Structures are given as structure tokens and as C-alpha cells.
Amino acid sequence: MTVRLSDIVMQYPGTRALDHVDVDFLFSEVHGLIGENGAGKTTLVSILGGSKQPTSGTIAIAGVETALASAGDALAKGIAHVSQEGSLVPGLTAAQNILLGDEPRLGLGIIDTRALKRRATELLARWFPQVSIDLDAAVATLPVADQKVIEIVRALRGEIRLLILDEPTATLPAREKENLWRIIRSLPPRGVGVVLVSHFLSEVKALSDRITVLRDGRHVTTLPADEVSEAQLVDFMLQRAGKPTTAIAEDAESARATGETVMDIADWHVGGVRVERFAIRAGEIVGLIGLTGAGHFGFARSLYTGEGFLSGRTVFAGQPLARPDARGMKARGVAFIPDHRMENSLIGEWSVRENLAMVHPQAGARAGVLSMGLEEKAARTAMALFNVKAHSPEQRIQDLSGGNKQKVSIGKWLYGAPERYRLMIFVEPTEGVDIGAKREIHRHIRRLAAEGAAIIVASSDLMEVADIADRVVPFVQGQAAPALSRAEFSESRFIAAMAGDPQ
Amino acid sequence: MTAQARPLVEAQEASSRKSRDQWLLKYSTLLALFLLFAGFALTVDRFLTASNLLNIVQQISMLTIVGAGLTFGFAAREMDLSVGYTVGLSGILVPLMLISGVPLPLALLGAVAAGFAVGAINSMLVTLVGIPSLIATLATGSILYGINFMSTGGRAIYGGLPDSFLFLGQGQILGIPVLAYAMLLFVLVAWFLMERTIFGRYIYAVGGNLKAAELSGVNGRFYRSAALVVCSLFAAMAGALLAARLGSGQPNAGERYLLDGLATVFIGMTMIRPGTATVTGTFFGALFIGVINNGLNLVGMDTYVQSIVKGLIILVAVAIVSRTTKLKLL
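As recorded in an unreviewed UniProt entry, chain B goes by the name ATPase, listed as coming from Xaviernesmea rhizosphaerae. Per UniProt, the comment on chain B under Subcellular location (unreviewed entry) is "Cell membrane".

Chain A is annotated in an unreviewed UniProt entry as ABC transporter of Xaviernesmea rhizosphaerae. According to the UniProt record, the Sequence similarities (unreviewed entry) comment for chain A is "Belongs to the ABC transporter superfamily."

Given below as C-alpha cells:
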């Protein structure tokens, strides 16, 4: 018995989230679904869970073609979706949450509290007899793992044949994970298939019978979990169609003249990330690479903002520093170009000109008074430098394409007087950007390094760091691994480092 | 049409529909104001006279000043619900100081200090303690209300106010009320700050996307605080002028400036840059409210009806803005 998705296409304006994907999910297996951010996992499980409808393609349950018009419709057809964020009402008890929306009633809309408790207890005992949870406790007071169990029991209260679990262990401590793993493994023998979406490869590998890999909205492969290594999975997730990394490494780029050390940190503990030693010199491009959740993005960001900083020693341009903060680092000559540009960098309702002027508005002002003429001139210069395609500097930023938005997000640091930065930190500089814009952005990064800036590029795009970095630091589960120098670049080395294999 | 092309065409149609809506929005409020004005002019004989028009200007001057201050708050996405009582506070403070012999310039400086103090307290509650401005200023407003009544025993303060002070609220220069000049001054200052200085640009930035502004090196806490301080400062100045116009300090005189002030900003948000509070928009919003109040007064409609009409207008304005733009109030 299966749910089969055939030839699924999901088209959004400007992007195709799923491109002719075929997968089938058995009611007797745990089916791992992996891929990097943007690979299409979320879209695929949303279609499977009924909350999104594909642009084209067919869905068949047990061989019968059907449509999943809504989450409720999917539920009625035996497919339940437990999302990552959690959907419990924190102030209600576990029992109330399990039967939320389906409470036994005495009539006149009055809830039969005794029957409710009894049914919740029965449900929990039926599915997970080995688990003991205080069903009268408010959900907010329960351990996170128990909350996940409550969510799963609630999902299973109907006639469910397929359960979608979206990052179920993302927020759990290691010991509690194993309990949840046992619970997940116990479902297929009882006729409930599991679709497991997770960033933790070891978890997917350990739990799944089969694993499907998505990349850039395409189905890469589906294969039995015991026939594949974690390194091979990383390979499937990251490889870009037929471009050997080694060829790029020979790309006549000679080792850049490297200058003084710009930033030198030791024993950093920031958020969930520990970095023993990290130093970067002027003129150098250092890539930080890792799978999603490895901690390299947070680390890069904390170098500028100090967010999550717990302890560590920092020396910037020869001066010791207690803890970085955005304004202080900007004043020291650090630029930070974050990921998720619409959230972290741009103001959607503002024009291109206003967005460009955000970092150094003084450049468009005379004696503290903003001059529209000066601003427009400076904006046009920055737009020309970065080849930003817009009708005029007055066009609203939210109406531009991803690549042009990203160019503005970078260009705003170079608007006005072309300031020399000591350090520029990029996070996912080519996220959601077309190939042409990507090349241009890489060219600018190289130029800025050649002009003497130290550059950090944190990316989940293997090709990107291989393309531009002189040195790459792989991150694995919150730890920085030893750096690979340009001469050592090879796809297998990268893959091994990112999967955490000591090689 | 292929499956790929359809969403794109739809997106284009949607965006052209959106820009047409935006165009309509920008000018429909002005059109409504014009129709309202023309309607009153044609149907009410005493409406279109020089003295009544000057009267309108005089009536809206304090409101415009309060609204201009609130515009800073809205731009930074901070709401100040204490402005009405701040108007009351300085409306009492200034006459009290004048009667006890303080010279006028010093008394006005006292109003500035009071406004600054209220704004500083509000902004500390919001940016340091972390209370949402809507709630913090609701509470400080309540406290100010109590202070206003306690300090006056609920009675008006009058008698012995110097002519120089009364001149501010009742006098004319070249046939035009002094209040009109004051209003113009505050509107110009507010417009200049918001549209032509880095200060104003950053107030809009923290309201537009606080995270993006802070990652660009903007001091978010400072600009959010500054916006709240400007709200209180402008309200305090309006309070001083109000006392001069009334010729007395009245503890409850400022109350209606909260709702009317918010209304001017909401109406203003339907024009110029729809969804964004602008000083120019607020000015037209105040004119709108002024024309309605005045016209309905002349027709002989009582104040309760006016209140209903204003409530409806606020609803319409906010409905227009929130349905056509991504309105972000809080």
C-alpha cells in the first residue's frame, strides 16, 4: 500500500519549487526525505499533507488517483502532518491537546472532561504503551520530547496510514532523541508509514528504510538506507550537475597576497557553536561551509553582531575586543551582508535609492541635510557598479528580482564614498540568485579581496566556496573542523569533511 | 498559455492592479476632502467665509501639531496613547507657572521639559524595560490623567495670564492667527526632519525593518526612543498653545487630541506613500478632521454625532490602508 506522487510540479512566480518529482511512500516504512534548504522538501510534504496543491502532477493513494484539497482532506484520507514548529496549545493539558477539536461532549457544547481524559489515556496507551506522560499537566510544563509525543498521538487519533514528521528531533536533547526514535520505528509494523524530514543525516540513515534525496526541486534518487553512506548522501544533496570541483581549483587564480591578520579569535563559544581558533588576513577569502544547522551561518553572523556570544577571546586589527556588536564592528570597518535579505537587510517598501543609502546616508547629504540629487547620483553610481537592473533608483526594492535585490544588499555597503572595509562577512551571498548574478557577485567578492579586504563567505553551496575561497573551514554539528587550503580542495575532501568523517 | 507562463501573467496582472489601487488610494482621500469641502461650501452659507476658514485653521492647529508628533511614532512603529494627557499636562503647567510669576519664555521651556520628561519615561519603558509602546503609553497616559486632576483639583486655572501668552492663542499677525503660524512652523520642522535628515530616515528605517536597520549599524533603541520623545514634545507644545487659546488651563482639555490625533495619522496614511505615516499626509488628515468638525458644527449637529462620524472615518481610512498595503501598525 502506498501514496504515490507522480510528475509533481510546483511553480511559483519566478521559481519552480518542484520539477517533475516522482516518489512513492509505503505504509510499511520509514521514508527519509533529505535535501538542502530550498531543495523542495517542505513544498513536497505540504503537497502530501494537503496544505498546498501542485501546479501539475497526480497523487494516488493505494493505486486510486485522488486530490488532497486541504489538510483536513488529507487527514480524512489517512495522511497526517506534524509540522516542525509545533501546533500544541501551551496552556491546555496534554489530554486536552490530544483531543483538541474532537472533544467528547455532554451536549449543549459542554465538554465531558472524564471521557476526554479516558480517551486520551486510551490513545496514548494504544500507540505508545511504553511511554508514561502526565496527561493532566499543561503542555508547556512537559519536556519537549513528551510534547512531540503528544503531537504524534494527536495526529494518530484518526485512521492514519501515513504520518509526516517534519524535523521531529530538531529541538530535542540527545538522550530524548533516542526515545522518540524508538517511537518512530514502532509505527510501520503497525501499518503506519512515516515520512521523516530531517537535517540530521545520521538520524535519517539510522531510522529510515528508504531515503529520497531532493536537490533544487528535482528528485535525485530514492534508495534503501543500508545501501548508502552518509558521505554519499551529502554528495547527492550537494553535487551540481556535472561540474567537477577539481577543475575549478586549477582556475589560474594564484594565491593572493595576504596581509596582516584582521581578526583573530580563540576559544569562542557562541550559541551552539564552538570554535577553537579562527584567524583571517587582509586580502584573504575564507569560506565557511557546512550542512544546514552546522552552525557556520550563526558563527559568521556573531562575528559582526555578537549574537549568542558566551565566551571567547577576540583581537581585531591588533586591538583586543570584549564582544562584537554591530555598531562597534561597523565603526571598525566591518561590513555584514546577511542571508534572508528581505528579512535582514532590505526594507521592502523602500526604493532602491533609500535602501542603498541605509548604511552611509551621509554620502547623500550636505551639512547633514539629505539631498535628493546627491542621493540619486550616489545610488546610480552604486547601481552601475553592481549592474542593478531597475527602471530607476525610485523603483521599490520588493519589485526587483532576487539577484538584483542581493546586489542592492551588497551595494548598500559600497554606496557613496567607496569605503575600504577591513573585513566583509557574507552569509549565503548568492541565495536565490540566478547564475548570471551569481558570477557577478563572485567577481565583486574577488575584487574586494584584491583591494585589501578580508572576506568571509559562509555558504551551503559547495561550488560557491570552491569557486572563490582561498581556504575553507568546514563546520560539522557546531564545530569548526581543520581548514582545507586551496591546494587540498577536492569534492571528496569536502564531502568527507561536511559529513564529519575523519579522513 | 503554458503552465509555466500562467502564474507569471497572473503576477503581472496582480501587480498592475496593485499599482492602480495605489494610485486611486493616493488621490481618493484628497478627492474626498475636496468633495466634503465643496459640499459644505454649497450647502452651509456660513462655511465659505474668510472668518470661518481662519477659524478652521485655528481649530486644527493644535491637532496638526499633535498629529505631526504622532507621525514620528508611527514611522518608527511605536504608538503613543499618552499624547492627549501630555497636552493636558503642559496645558496646566504653563498657566500655573505664568500665574506664579514665571516669565513666558521660561514657562514655555517648562512645557518643553515636561514633554521631554514624559517622552523619556515612555521610551525607557519601551526600549529598556521592553513593554510594547501601546501598553506602556496607555499606562503612563492613565498616570498623567490622575496627575492632571490631582494637581488642579479638577478645576480650571485662569485669571492673571499675561497678554503676551494669550496673544499666542488668540492674536493675529497680518490678519492671520498666530496659531496658524505656529502650526506651519511645527509642520515644516517635522517635514524637514522626516524627509530631509538622516535622523528622519533612520526613524523610518527602524519602523520599516528594525532588524535590517540594526544590522546596517543603526542604533534601533535610540531612534525608537527619539520617536516617542518627539510625540510627547509636540503634544506638550500643543498643550501650551491650547491653554493660550482657551485663556485657561483645563485638566481635561487635551483628551480629545488622542483620538483625533490618531485619526489624522490614519487618514494621512492613505495618501502620499500609502501605508506609511508622512507629515504631509497627517497635515491633510488634520484638515479633513477640521473641515468635518467645523461643517457639522455649523449644521448644528451635536458633538456626539461628530464623534460617530469620526469613528466611521477612522474605520474607513484604516480599512482602505490595511486592505491595499501591508499595514504594519504594531
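Moving on from the coordinates now.
Participant: Can you walk me through the overall build of chain B in this structure?
Facilitator: Scanning chain B from terminus to terminus reveals 13 helices and four strands. For 330 residues, the compact-globule estimate of 2.2 N^0.38 gives 20 Å, and the C-alpha radius of gyration of chain B, at 21 Å, lies within 12% of that figure. Expressed along its principal axes, the backbone C-alpha trace of chain B runs to roughly 80 × 55 × 35 Å. The buried share of chain B, reckoned over its 330 residues, is 50%. Just so you have it, chain B exposes about 14500 Å², and 69% of that area is on carbon and sulfur atoms. For chain B, the distance from the average position of its 20 positive side-chain charges to the average position of its 12 negative side-chain charges is 7 Å.

Participant: I keep staring at the side chain of Ser123(B) and nothing clicks. Help me out?
Facilitator: All names here are of chain B. On the secondary structure map, Ser123 appears in helix α4 (residues 104-129). Residue class for Ser123 comes out buried when judged on its relative accessible area of 5%. Not counting residues up to four positions away in its chain, the partners in contact with Ser123 are Leu128, Ser225, Leu228 and Val229.

Participant: When you look at the confidence of the model for chain B in this model, what are you seeing that I'm missing?
Facilitator: One rule of thumb: low pLDDT means the predicted coordinates there are not for detailed reading. All names here are of chain B. When pLDDT is averaged along chain B, the result is 88, and 91% of the positions lie at 70 or above. Here residues 1-8 is a poorly scored stretch, pLDDT under 50, and it has six contacts once near neighbours within four places are set aside; other chains count. For this predicted complex, the interface score ipTM comes out at 0.85, while the overall pTM is 0.80.

Participant: Help me out: how do you make sense of the sheet that holds strand β1 (residues 2-12) of chain A in this one?
Facilitator: Residues and elements named next belong to chain A. With respect to topology, four strands assemble into an open sheet ordered β2-β1-β4-β5, the strand pairing being antiparallel. Among the strands making up the open sheet, the edge pair consists of β2 (15-26) and β5 (64-66). On average, each strand axis in the sheet is tilted by 25° relative to the strand beside it, whichever way the strands run. Of the strand pairs in this sheet, strand β4 (residues 56-61) and β5 are connected by three bridges, and their pairing is antiparallel. When the bridges of β5 are listed, Ile61 appears paired with Val64. Strands β1, β2 and β4 of the sheet are contacted by helix α1 (residues 41-48), whose axis makes an angle of about 55° with β2.

Participant: Explanation requested: the domain arrangement of chain A in the structure shown.
Facilitator: Buried accessible area, meaning the area lost when the parts come together, often serves as the stated size of an interface. According to the domain assignment, chain A contains domain 1 (1-78 + 159-245), domain 2 (87-158), domain 3 (255-333 + 421-502) and domain 4 (345-420). For domain 1 of chain A versus domain 4 of chain A, the distance between C-alpha centres works out to 42 Å.

Reading guide: rules and limits
- Residues numbered from 1 in each chain as written.
- Chains lettered and ligands numbered in written order.
- Predicted model: local features only at pLDDT ≥ 70, side-chain atom pairs only at ≥ 80, totals over all residues.
- Heavy atoms only, no water.
- UniProt positions renumbered as here; feature names shortened; annotations may be inferred.
- Helix = DSSP H or I, 4+ residues; strand = E, 2+ residues; numbered from the N terminus.
- Rg over C-alpha atoms; globule rule 2.2 N^0.38 Å.
- Buried < 20%, exposed > 50% of the residue type's maximum accessible area, 1.4 Å probe, protein only.
- Areas by Shrake-Rupley, 256 points an atom, 1.4 Å probe, with all protein chains shown as cover.
- Lys, Arg positive; Asp, Glu negative; His and termini not counted.
- Charge placed at Lys NZ, Arg CZ, Asp CG, Glu CD.
- Contact = heavy atoms within 4.5 Å.
- pLDDT = per-residue confidence, 0-100.
- Pairing = 2+ DSSP bridges.
- Axes fitted to C-alpha atoms, helices over the stretch in contact; angles between N-to-C directions.
- Domains from an automatic or database assignment.

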